[in-house]
Amino acid sequence: MAEQQFLNGLDPDVRSRLLDRMKESTHKRDEVVISQNDESLDIFFVLDGHARATGLSEEGKLVAYREIPEGAIFGELSAIDGRPRSANVVAVGPLKVGRITQSDFRDLVDTDSAVRWALLDYLTAQHRAMTDRIFEFSTMLVRDRLIAELLRLAEAAGATEGRIELHPAPTHFDLAARISTHREAVSREMSKFSRAKLVTKQLKTLIIHDVEALREQREDRSSH
């Protein structure tokens, strides 16, 4: 399931009420917007660009929890329960965010049913996405987790079948962080996909030649 876009799903007047309360800031690629265990409580809205929620294992392995595209929100958990941040959020490229205080956000949720229901829908979608990923990590081999991630990228780009070009292409390191493995394992599987003419990389573009054929690769394996 593609990341649900909170802001873009709001009615224009509701979105305007949110925007009126925001303080905007810009961030460079790889800049940390919020840090894990930080005690700040503001909630953030991605106005332009793309962010990523990450963490580090005790061994120093980078784990990517979720991708946060334009229109999405982050920091909502601390704004709700008042606890420290559960992950780092970094800018994937040039990033513009709007932020509002915990008190302003709670006031909007208390007084505006449209914001309240939009938040409930958003949190439900996040819970379902996390449940899907936990299932994948627990039951799938690296190859199938990689296929699932490539299909998510295709869906986020608006493709459920046919050919799709993803630009800029995610690096093998990025893909490894998203599916909880190491870069070398991703490189091996991507080489196999390339030889099978399913997925190839040209310069900074990743081409999925047939989304449905890639999906069938996973379905064929799960049926055996």
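To keep things clear, this report deals only with the structure shown in the data block. Predicted model, so just to flag it, every value in this text is computed and none were measured.

Quick look at the packing of helix α5 (residues 142–156) against helix α7 (residues 183–195)
In step 1: Orientation of α5 relative to α7, taken along the N-to-C sense of each, is 70°, at an axis distance of 10 Å. In terms of axis orientation, α5 runs roughly perpendicular to α7. Here α5 contributes Val142, Arg143, Leu146, Ile147 and Leu150 to the contact with α7, which in turn contributes Ala185, Val186, Glu189, Met190 and Phe193.
In step 2: Counted by class, the contact of α5 with α7 contains eight nonpolar, no polar and two charged residues.

Some thoughts on the sheet that holds strand β6 (residues 73–74)
In step 1: Sheet architecture is open: four strands sit in the order β1-β8-β3-β6, paired in antiparallel fashion. Either end of the sheet is taken by a strand with one partner, and the two such strands are β1 (23–27) and β6.

Re the sheet that holds strand β5 (residues 62–68)
By definition, the strands of a sheet pair up through backbone hydrogen bonds, in either a parallel or an antiparallel sense.
In step 1: Within the open sheet, the four strands sit side by side as β2-β7-β4-β5. Their pairing is antiparallel. The sheet is open, and its two borders are formed by β2 (32–34) and β5, each paired with just one other strand. Between one strand axis and the next, the sheet turns by 35° as a mean value, whatever way the strands run.
In step 2: When strand β4 (residues 51–56) meets strand β7 (residues 88–91), the two strands line up antiparallel, connected through four bridges. Bridge pairing in β7 links Thr54 to Asn88.

Considerations on the layout of surface pockets
In step 1: Considering only enclosed or pocket space, the largest pocket measures out at about 1,100 Å³ in volume.
In step 2: Around the largest pocket, the lining is made up of 43 residues, and of these His50, Arg52, Glu67, Leu153 and Arg178 lie nearest the centre.
In step 3: Where the lining of the largest pocket is concerned, the elements lending two or more residues are β4, β5, β7, α4 (113–139), α5 and α6 (172–178).
In step 4: When the residues that make up the lining of the largest pocket are grouped by side-chain class, the tally is 22 nonpolar, ten polar and eleven charged.
In step 5: Estimated volume of the second largest pocket: approximately 480 Å³.
In step 6: Forming the boundary of the second largest pocket are 21 residues, of which Arg66, Glu76, Leu77, Ser86 and Ala87 lie nearest the centre.
In step 7: Among the elements of the structure, β5, α2 (76–81) and α4 are those that each provide at least two residues to the lining of the second largest pocket.
In step 8: Along the lines of polarity and charge, the residues of the lining of the second largest pocket split into eleven nonpolar, five polar and five charged.

Some thoughts on the environment of Asp42
In step 1: For Asp42, the location among the structural elements is in the loop between β2 and β3 (43–48).
In step 2: Put simply, Asp42 and Asp20 are 22 residues apart on the chain and 15 Å apart in space, counted from C-alpha to C-alpha.
In step 3: Sequence-distant contacts of Asp42, defined by excluding residues within four places in its chain, comprise Gly75, Arg85, Arg99, Ile100, Thr101 and Gln102.
In step 4: Reaching out from Asp42, the side chain makes a polar contact with the side chain of Arg99 at a distance of 2.8 Å.

So, the pattern of salt bridges
In step 1: Enumeration according to the criterion identifies 20 salt bridges in this entry.
In step 2: Residues Asp174 and Arg52 are paired through a salt bridge, measuring 3.4 Å at the closest nitrogen-oxygen approach. Pair noted here: Asp174 is in helix α6 and Arg52 is in strand β4, with a separation of 122 residues, a long-range link.
In step 3: Judged by relative accessible area, Arg52 falls into the buried class, the value being 11%.
In step 4: Three or more residues joined by partner-sharing salt bridges are found here, namely Arg52, Glu67, Arg133, Glu136, Glu149, Arg152, Asp174 and Arg178.

Considerations on unusual backbone geometry
In step 1: The omega angle of the peptide bond from His167 to Pro168 is -5°, so this bond is cis rather than trans.
In step 2: Note that Pro168 resides in the loop between β9 (164–166) and α6.
In step 3: We note that Leu203 has phi near 55°; this positive angle belongs to a residue other than glycine.

A look at the nonpolar core
In step 1: Counting 33 residues, the largest nonpolar core has Phe6, Leu18, Phe45, Ile68, Phe74 and Ile100 as its most contacted members.
In step 2: With five residues, β3 is the largest single contributor of residues to this core.
In step 3: Among all residues touching Leu18, those that are not within four sequence positions of it are Phe6, Leu7, Leu10, Phe45, Ile100 and Leu108.
In step 4: Within the second largest apolar cluster, 22 residues are counted, among which are Leu198, Leu206, Ile208 and Leu214.

Cut-offs applied
- Residues numbered from 1 in each chain as written.
- Predicted model: local features only at pLDDT ≥ 70, side-chain atom pairs only at ≥ 80, totals over all residues.
- Heavy atoms only, no water.
- Axes fitted to C-alpha atoms, helices over the stretch in contact; angles between N-to-C directions.
- Helix = DSSP H or I, 4+ residues; strand = E, 2+ residues; numbered from the N terminus.
- Parallel < 35°, antiparallel > 145°, perpendicular 65-115°, else oblique.
- Contact = heavy atoms within 4.5 Å.
- Nonpolar A, V, L, I, M, F, W, Y, C, P; charged D, E, K, R; others polar.
- Pairing = 2+ DSSP bridges.
- 1 Å grid on protein atoms, 1.4 Å probe; cavity = no way out; pocket = protein on both sides within 12 Å on 5 of 7 lines; lining within 4 Å.
- Points joined across faces, edges and corners; volume = space filled by probe spheres on them.
- Polar contact = N/O pair within 3.5 Å; in protein donor to acceptor, adjacent residues only side chain to side chain.
- Salt bridge = Lys/Arg side-chain N within 4 Å of Asp/Glu carboxyl O.
- Buried < 20%, exposed > 50% of the residue type's maximum accessible area, 1.4 Å probe, protein only.
- Core = buried A, V, L, I, M, F, W, Y, C linked by side-chain atoms within 4.5 Å.

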